Amino acid sequence: MRTLVTMLRERYLADNPFRLVGAGSALDRITLRRRADSVSRAAQVGIPQQPPLADVFGSEATDSLSSTVRSLETDPVRRTAYRLLWPLSDSAIPYLSNGGRIIKGSFPPEELSQLLFLSCWIEFLTGRSNEVLAEALTHWCAITNGKAMGARLTQLLVNEDELDAKNASGKVHNAQREVERHILERSAKLAAESYEHGNRPSSIGIVRSLLDSPLDSHSVEFALAPIIDIGDRGAERLRETTRTLTWHDTAPPQELDQLRMLTDCIGLRHPNARSWNDAIDDSTDQLANLWIEHAVELSNHE
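In what follows, the accompanying structure is described.

Right, let's talk about the pattern of salt bridges for a bit. Scanning the model with the defined rule gives 18 salt bridges in all. Here Glu10 and Arg186 are joined by a salt bridge, their closest N and O atoms 2.8 Å apart. Of this pair, Glu10 sits in the segment before helix H1 (17–20) while Arg186 sits in helix H10 (residues 165–196), and the two are 176 residues apart along the sequence. Owing to a relative accessible area of 2%, Glu10 belongs among the buried residues under this scheme. One salt bridge in this structure joins Asp37 and Arg70, with 3.0 Å as the shortest N-O distance. Here the residue Asp37 occupies a position in helix H2 (residues 29–44), and Arg70 occupies one in helix H4 (residues 65–72), the gap between them amounting to 33 residues. Using a relative accessible area of 40% as the deciding quantity, one classes Arg70 as partly exposed.

Next up, the structure:
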């Protein structure tokens, strides 16, 4: 369920030329250019066309559609990345726009995996559910681990750019890596935003989904940079708070519980978490020592 009403300026979706012309991404680049020029001309004379999912991603990118499409003519990797993030077939687009039950056998397996991934990815972007993100990542792995999608995208490049199959396959692989990096970094950024806005359970859930995903662990850990930065800043604040603690501070500092939440989630998956644990231990020890000193002082006055 979509919960956001503001337009998302989402890379690869808001500016996706295949979405903006209302076509499946298997459309060849020559036809894409003609369709883009037609859509741009219509907009210039005051007859704008509403692309699919305009309620979510808007249509503002139509203004630069023709120039975007022309830039893609010499950039097969980015063109393939856009294809990965929009349904290959025209007939699959309504399922993203309107939902509905997918009848078994309606699409080839690779298109079904793509449609399921996109459906979950868009739902995650609008609702930030970590369960939906986990589903999206699983479907993404089905796309990249299977050979069928790669073979179709490779053939498109062979036909369009007159590349040999090996060269085209390499560019498809690079596009898959670029999209995967985008997915991971975007998810981590949304997790960081949720954390900073006070929705820490949601943030931690997203981080757990990333860490538990079947994607490459090093790529995941690298993408978590915004969350790691939050942890580093939290550890520094906790150290500063610890230095000023007195026995009057009967409750643990707020920063202690927040940092512990992050540490419990990330564990030892990132080297910075070790310094977080040190900050937590120092704060806990300082509190214990202050309480003991206060208890001894009270006892001496009795």
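Positive phi, normally seen in glycine, also occurs at Arg128, with a value near 60°. Secondary-structure assignment places Arg128 in the loop between helix H7 (109–127) and helix H8 (130–145). Of note, Glu162 is a non-glycine position whose phi angle comes to about 55°, a positive value. Relative to the assigned elements, Glu162 resides in the loop between helix H9 (148–161) and H10. Since its relative accessible area comes to 72%, Glu162 is described here as exposed.

A word on the environment of Ala148. Along the chain, Ala148 falls in helix H9. Exposure remark for Ala148: the relative accessible area of 37% places this residue in the partly exposed category. Remark: the alpha-carbon pair of Ala148 and Pro108, spanning 40 residues in sequence, is separated by 9.1 Å.

Attention now goes to the environment of Ala151. As for its placement among the helices and strands, Ala151 is situated in helix H9. Classification of Ala151 as partly exposed rests on a relative accessible area of 47%. Spatially, the C-alpha atom of Ala151 lies 9.6 Å from that of Ala168, the residues being 17 residues apart in sequence.

Right, let's get into the side chain of Thr126. Take Thr126: it is sitting in helix H7. Within the structure, the side chain of Thr126 is placed 3.1 Å from the backbone oxygen of Ile122, a separation counted as a polar contact.

Time to look at H9. A rise of 1.5 Å per residue sets the reference length of H9, with its 14 residues, at 20 Å; its end C-alpha atoms lie 20 Å apart and thus fit the reference within 8%. Among the residues making up H9, those that are buried are Met149, Gly150, Leu153, Thr154, Leu156, Leu157, Glu160 and Asp161. Projected down its long axis, H9 carries its buried residues within an arc of 155°, all on one side. Downstream of H9 by a residue or two, Glu162 has a phi angle that is positive, lying close to 55°.

Taken as a whole and judged by the stated rule, the model has five aromatic pairs. Aromatic side chains Tyr12 and Tyr82 sit 5.3 Å apart centroid to centroid with 70° between the ring planes, which places their arrangement in the edge-to-face category. Of the two residues, Tyr12 sits in the segment before H1 while Tyr82 sits in helix H5 (residues 76–84), which places them 70 residues apart along the sequence. Note on accessibility: Tyr12 and Tyr82 belong to one class, buried. Linked through ring pairs, Phe117, Trp121, Phe124 and Trp140 together constitute an aromatic cluster. The ring of Tyr195 carries the charged tip of Arg200 above its face, separated from the ring centre by 4.7 Å.

Reading the values: the criteria
- Counting starts from 1 at the beginning of each chain's written sequence and moves along it residue by residue.
- Confidence filtering applies because this is a predicted model: local features only for residues at pLDDT of at least 70, side-chain atom pairs given and counted only at 80 or more, and all residues used for totals across whole chains, interfaces and linings.
- The basis for every side-chain value is the complete set of non-hydrogen atoms in the structure, without hydrogens or water.
- What counts as a salt bridge is simple: a side-chain nitrogen of Lys or Arg found within 4 Å of a carboxyl oxygen of Asp or Glu.
- A run of DSSP states H or I qualifies as a helix once it reaches four residues; a run of E qualifies as a strand once it reaches two. Both are numbered from the N-terminal end.
- When accessible area is computed with a 1.4 Å probe and restricted to protein chains, residues below 20% of their type maximum are described as buried, those above 50% as exposed, and intermediate ones as partly exposed.
- Polar contact is the term for a pair of N or O atoms within 3.5 Å; when the atoms are in protein, one must be able to donate a hydrogen and the other to accept it, and sequence-neighboring residues count only if both atoms are side-chain atoms.
- What a helix should span is 1.5 Å times the count of its residues minus one.
- What the arc describes is the spread of directions from the helix axis to the C-beta atoms.
- Each aromatic pair joins two rings of Phe, Tyr and Trp (for Trp, the six-membered one) with centres within 6.5 Å, and gets the label stacked for planes under 30 degrees apart, edge-to-face for over 60, and tilted for any other angle.
- To sit over a ring, a charge needs its Lys NZ or Arg CZ within 6 Å of the ring centre and within 35 degrees of the ring normal.

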